[in-house]
Amino acid sequence: MKAKKSLFLLLALLLMTTSLLTACSDSSSTSTNTKPNPNSNPDHNVEVGTINETLYELGQDPLEFTFYGHYSSYTMPPWGADAGSKWIQENKKVTVKPIYAGNDAAAKLNTMIATNNLPDVIWIDRAADFDRLREAGLLVSLDDYVEKYPNLKQWLGDEGINILRAEDGHLYGFPNWYANRPFGNAGYVVNRKIHKALGEPKLETTEDLYQYLKLVKDKFPSVIPYQPGLAADGQGIDTLYSAFKENDHKYPGMRAVPTGDRLTSIYSDPAYIEAMKYTSKLFREKLISQDSFTQTLDQITETVMSGNVAVFAGASPTDIASKAHPELVKNDPDGGYFMIWPIHKEGLDKNKIFPGTYTTLGWNVAAITKAAEDPEAIFAFLDWYTGPEGQTINFWGPEGKYWKGLKEDGITPIFTEDYIMDAAGLLEYQGVSSKLMWVGNTVFADVTKAEFDATLPADQRNWTTKWQHDITWKTQANATEFINLSPVPNSDLGMTAKRLDEIYLQARAEAIYAQSDEEVEAILKKAETASMAAGYQQLLDYKTERWQANKKKMAGKS
């Protein structure tokens, strides 16, 4: 035991020298392994990997563990205070004790590591800090548990599990908001009243959009023709780039473009150059909000909520438009917003235009540390939580209020009238429960709500769900092969990447403010030259290597 503590301390000091980030500690969990009846729980209707293996049975004994969210902005709601976690506490005997990051997540994690006071579970981005914890040997390998418990393997699939594996071939993180099918909200939202007043012209090609925005400016001079999301982040700008390239995977975020089996300079991509000329023309002619690059989210929200915009585009314009639509319709039946199929350049296949992306692995991961007394019990809870019963409790609460009983498949909740009539109450519940969703199952949540919504009359359908089902889910590209391409931030190459990012952002802004197509070309060429001098090719080679490694992982070859 003493040797184990010394090892932990040594690892802690090692980790400190490489400037780590977040985590937490103190755990007490108990378990009794019993073999359940596979037919007694729909979540267990999957063949267990090894004959005679026993599963930890939730609810037989109390399970308590500590949980640390490695985000300064994240505060976990009190466990047991809302209806969902209270039900879990009472029926599954699970208690989660939060450890808070405070105002400095990096310092918090450093302290926990240095004092050998790790939490049982760390909720963290799949990035440098997660890798450092893994490399230091502080995380539990989940391989055996994934094979033994049914839900993650069933809902994520082998391809997703393969790419989630670390370089050593093992699995250390339980993914959050993962999916094995498209999801996402990127695209274009159009003001219905303005569109109708202008004769409902078609909005399909880049030329259609250009002519429409000019018409808006002429007929409605006080209205913003094209409002991008947070343009400083590329939102609404990158959306336009996708119109010029089939099978776009949002390459601006990578600062690179695939050419064959290599990643090459984005500045040399003909589609990117053409897109920047188009965007610059819209900006020059005042068809794009002129303060786009300095606008705050609150300012954009106010513009959309007031209906003072003709076209609104971004990575998730539905977030604001879904709130604005019912408010505008309330005051004017012809008001509100609708979504259009993504804009494409004439001659391209509209069904190969993708303004947004999704990845199989979703967002972040829950990692079980070696401080946990019973890691299998914790995994068993997470696996249950990501399954249909756990997700139903988290999204729609315990049985009785918003759902009652299950459909014939044994997993899909049957929604009650309150699901529709008490939408405000459900929203309030989800405002809390969403902060307790650490292993979100995107497919189960999206399919369940979409299928139910499709059965409702048009005036009762959820605005966002309708457009997700009709458009956005069909127009998001799978970018899983491009995840985790960036080098560690504080490495030499990481510092190079930071400098290249600064060059890119400056060049993009200058190109949009350019006064001619020729000036746009000159700005991008100058940026490419400066980037190559700063080590761009080395970064492209590094990202190419990681990209190819991802593809091998996904194919199960490494």
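Each helix and strand counted, the chain has 21 helices and 18 strands in total. For 558 residues, the compact-globule formula gives about 24 Å, and the C-alpha radius of gyration of the chain, at 25 Å, lands near that figure. Along the first, second and third principal axes, the C-alpha set of the chain runs to 75 × 60 × 40 Å. Taking contacts inside the chain between residues at least 6 apart in sequence as the whole, the part at least 24 apart equals 78%.

Okay, the packing of aromatic side chains next. The tally for this structure, following the rule as stated, stands at 35 aromatic pairs. Here the aromatic rings of Tyr 251 and Phe 482 are separated by 6.1 Å at their centres, their planes lie at 85 degrees, and the arrangement is edge-to-face. Taken together, the positions of Tyr 251 in the loop between helix H9 (238–241) and strand E10 (257–259) and Phe 482 in the loop between strand E18 (476–478) and helix H19 (492–512) put the pair 231 residues apart, joining distant regions of the chain. Residue Phe 482 is classed as buried on the basis of its relative accessible area of 10%. These aromatic residues form a ring-pair network of at least three members: Phe 65, Phe 67, Tyr 71, Tyr 74, Trp 79, Trp 87, Trp 123, Trp 363, Phe 381, Trp 384, Tyr 385 and Trp 438. Lys 466 extends its terminal NZ or CZ atom over the ring of Trp 467, reaching a point 4.5 Å from the ring centre. In this structure, Lys 551 is placed above the aromatic ring of Trp 547, and the distance from its NZ or CZ to the ring centre is 4.3 Å.

As a further point, take the sheet that holds strand E13 (residues 337–340). Judged by pairing direction, the sheet is mixed, and its four strands sit side by side in the order E9-E12-E8-E13 without closing on themselves. Each end of this open sheet is capped by a strand with a single partner; those strands are strand E9 (224–228) and E13. Across the sheet, the mean angle from the axis of one strand to that of its neighbour is 25 degrees, orientation sign disregarded. As paired strands, strand E8 (residues 187–191) and strand E12 (residues 309–314) are joined by four bridges and run antiparallel to one another. Among the inter-strand pairings, Val 189 is bridged to a residue of E12, identified as Phe 312. Those strands touched by helix H12 (residues 318–331) are E8, E12 and E13, and its axis lies near 140 degrees from that of E13. Set on the sheet, helix H18 (residues 463–470) makes contact with E8 and E13; between it and E13 the angle comes to about 15 degrees.

Moving on: the pairing of E13. Here E13 shows a buried face lined by Tyr 337 and Met 339 and a second buried face lined by Phe 338 and Ile 340. Taken together, the four bridges between E8 and E13 define a ladder with antiparallel strand orientation. What sits directly across from Val 189, in E13, is Met 339.

Examined against the element boundaries, Gly 494 turns out to sit in helix H19. C-alpha separation for the pair Gly 494 and Gln 468, spaced 26 residues apart in sequence, amounts to 36 Å. Setting aside anything within four residues of it in sequence, one finds Gly 494 in contact with Pro 487, Val 488 and Pro 489.

A few words on helix H20 (residues 517–533). Taking 1.5 Å per residue as the helical rise, H20 with its 17 residues ought to reach 24 Å, and the 25 Å between its terminal C-alpha atoms agrees with that figure. Taken residue by residue, H20 has Val 520, Ile 523, Leu 524, Ala 527, Glu 528 and Ser 531 as its buried positions. The buried residues of H20 occupy an angular sector of 135 degrees when projected down its axis, which confines them to one face. Exposed side chains of H20 directed beyond 90 degrees from the buried face belong to Glu 518, Lys 525, Lys 526, Thr 529 and Ala 533. On its buried side, H20 packs onto helix H10 (270–284), H19 and helix H21 (536–554). Trailing H20 by a residue or two, Gly 535 shows a phi angle of about 105 degrees, which is positive.

Our focus in this paragraph is the side chain of Asp 269. Examined against the element boundaries, Asp 269 turns out to sit in the loop between strand E11 (262–264) and H10. In this structure Asp 269 comes out as buried when scored by relative accessible area, which is 7%. If sequence neighbours within four positions are ignored, Asp 269 has contacts with Tyr 241, Lys 245 and Val 257.

Right, let's talk about the nonpolar core for a bit. In terms of nonpolar packing, the biggest core is built from 86 residues, with Ile 368, Phe 381, Tyr 385, Trp 396 and Trp 438 touching the most fellow members. At eight residues, the largest contribution of residues to this core is made by helix H13 (residues 375–386). Beyond its immediate stretch of four places on either side in the chain, Phe 381 contacts Leu 58, Leu 63, Phe 65, Trp 79, Ile 88, Val 94 and Trp 438. Listed in part, the 74 residues of the second largest apolar core include Leu 240, Tyr 272, Tyr 278 and Phe 338.

Before going further, it helps to spend a moment on empty space enclosed by the protein. A full pass over the atoms with the stated rule returns two cavities of 30 Å³ or more. In this structure, the largest cavity encloses a volume near 40 Å³. Lining the largest cavity we find Trp 79, Asp 82, Gly 84, Ser 85, Ile 88, Tyr 385, Ile 393, Asn 394, Tyr 429, Ser 433 and Leu 436. At three residues, the largest contribution of residues to the lining of the largest cavity is made by helix H2 (residues 83–91). Looking at the lining of the largest cavity, its residues break down into six nonpolar, four polar and one charged.

Let us look at the confidence of the model for the chain. With 90% of its residues at a pLDDT of at least 70, the chain reaches an overall mean of 88. Every residue in residues 1–52 scores below 50 in pLDDT, and together they form 138 contacts with partners more than four places removed in sequence or on other chains.

The next thing to look at is the side chain of Asn 191. Among the secondary structure elements, Asn 191 is positioned in strand E8. Given a relative accessible area of 4%, Asn 191 falls into the buried group. Separated by 3.1 Å, the side chain of Asn 191 and the backbone oxygen of Val 309 make a polar contact. Contacts of Asn 191, omitting those with residues within four sequence positions, involve Gly 307, Val 309, Ala 310, Gly 336, Tyr 337 and Phe 338.

Cut-offs used in this document
- Residues numbered from 1 in each chain as written.
- Predicted model: local features only at pLDDT ≥ 70, side-chain atom pairs only at ≥ 80, totals over all residues.
- Heavy atoms only, no water.
- Helix = DSSP H or I, 4+ residues; strand = E, 2+ residues; numbered from the N terminus.
- Rg over C-alpha atoms; globule rule 2.2 N^0.38 Å.
- Contact = heavy atoms within 4.5 Å.
- Phe/Tyr/Trp six-rings, centres within 6.5 Å; stacked < 30°, edge-to-face > 60°.
- Buried < 20%, exposed > 50% of the residue type's maximum accessible area, 1.4 Å probe, protein only.
- Lys NZ or Arg CZ within 6 Å of the ring centre and 35° of its normal.
- Pairing = 2+ DSSP bridges.
- Axes fitted to C-alpha atoms, helices over the stretch in contact; angles between N-to-C directions.
- Expected span 1.5 Å × (residues − 1).
- Arc of directions from axis to C-beta.
- Core = buried A, V, L, I, M, F, W, Y, C linked by side-chain atoms within 4.5 Å.
- 1 Å grid on protein atoms, 1.4 Å probe; cavity = no way out; pocket = protein on both sides within 12 Å on 5 of 7 lines; lining within 4 Å.
- Points joined across faces, edges and corners; volume = space filled by probe spheres on them.
- Nonpolar A, V, L, I, M, F, W, Y, C, P; charged D, E, K, R; others polar.
- pLDDT = per-residue confidence, 0-100.
- Polar contact = N/O pair within 3.5 Å; in protein donor to acceptor, adjacent residues only side chain to side chain.

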